Amino acid sequence: MTDIGFIGAGHIGGGLARRAVAAGYDVVISNSRGPETLRDLVAELGEHATAGTTAEAAAAPIVVVSIPLKAYVAVPPAAVAGRIVIETNNYYPQRDGRIAELEARELTSSELHARHWPAARVVKAFNAIPAAEIATDASPTGAPNRRAIPIAGDDAAAKAEVTELIDRLGFDVVDVGTLAESWRIEPGTPCYGVRENAAQAEASIAAARRL
């Protein structure tokens, strides 16, 4: 069985797929334009990568959804039911259009995703790191000043699995808390887009304020 499915093969999805293959995972990658458009990426990644449809990517036990937030409804709830879904998205009104519940801060973007995928085990991760640095800033477990990736989620077991995955991909993990707390790592917060080790990230998350 494929270890990780990727829905979205842009800068973040493609970067994570490269790290996953390097770490020994088999991956299936999909995008909105069809498997044939992923030929070059799959050839680069080698025998542990295949191109597929959204449904084929969603059949993996861990699914990375890395598409613009405005497109999240294109991933059917039934397709990811029971799966661990790592969502890497941020809300950018200039790209996604204004979403009333997010503007009013009634929900976080992660809660919006989880509401659409009620049977999925949603974990937010890799939204606060510049995409290009996914490939360049990974390091072995225990390396000094290792970069930390903040995560959030409501399912403790899912977060534990994602933590193990992220460690294998080359990063430490800092647990922000629930999906409702994921605003602490969204754009405009102290740790967003900043290279920090675990201790630094914990301090930045603690210092975050929702204005």
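Rules used in this analysis
- Residues numbered from 1 in each chain as written.
- Predicted model: local features only at pLDDT ≥ 70, side-chain atom pairs only at ≥ 80, totals over all residues.
- Heavy atoms only, no water.
- Core = buried A, V, L, I, M, F, W, Y, C linked by side-chain atoms within 4.5 Å.
- Buried < 20%, exposed > 50% of the residue type's maximum accessible area, 1.4 Å probe, protein only.
- Helix = DSSP H or I, 4+ residues; strand = E, 2+ residues; numbered from the N terminus.
- Right-handed = clockwise from strand over helix to strand, strands pointing away.
- Pairing = 2+ DSSP bridges.
- Arc of directions from axis to C-beta.
- Contact = heavy atoms within 4.5 Å.
- Salt bridge = Lys/Arg side-chain N within 4 Å of Asp/Glu carboxyl O.
- Expected span 1.5 Å × (residues − 1).

Draft legend 1. Layout of the nonpolar core. Among the nonpolar cores identified, the biggest contains 33 residues, and Ile4, Phe6, Val27, Phe126 and Leu169 are the most heavily contacted of them. By size, the runner-up hydrophobic cluster in this structure holds 21 residues, among which are Val80, Tyr91, Ile99 and Leu179.

Draft legend 2. Structural context of the pairing of strand β2 (residues 27–30). Side chains Val27 and Ile29 project from β2 onto one buried face, and the interleaved Val28 and Ser30 project onto a second face that is buried too. Handedness of the crossover joining strand β1 (residues 4–7) and β2 through helix α1 (residues 11–22): right-handed. Bridging between β2 and strand β3 (residues 49–51) involves three bridges; their strand directions are parallel. From the neighbouring strand, Val28 faces β3, where its bridge partner is Thr50.

Draft legend 3. Summary view of helix α6 (residues 109–116). Taken as a whole, α6 has its buried residues at Ser109, Ser110, Leu112, His113 and His116. One face of α6 carries all of its buried residues, which in axial projection span an arc of 160°. Close packing links the buried residues of α6 with β5 (84–87), α5 (100–103) and β6 (121–125).

Draft legend 4. Geometry of the pattern of salt bridges. In this structure the tally under the stated criterion is 13 salt bridges. Taking the shortest distance from any N to any O, the salt bridge between Glu181 and Arg184 comes out at 2.6 Å. Overall, Glu181 belongs to the partly exposed group, its relative accessible area being 27%. Members of the salt-bridge network, linked through shared partners, are Glu133, Asp137, Arg147 and Arg195.

Draft legend 5. Representation of α1. For α1, which comprises twelve residues, the first-to-last C-alpha distance of 17 Å matches the rise-based estimate of 16 Å (1.5 Å per residue) to within 8%. Taken across its twelve residues, α1 has nine buried, putting it largely inside the fold. Gly24 occupies a position one or two residues after α1 and carries a positive phi of about 100°.

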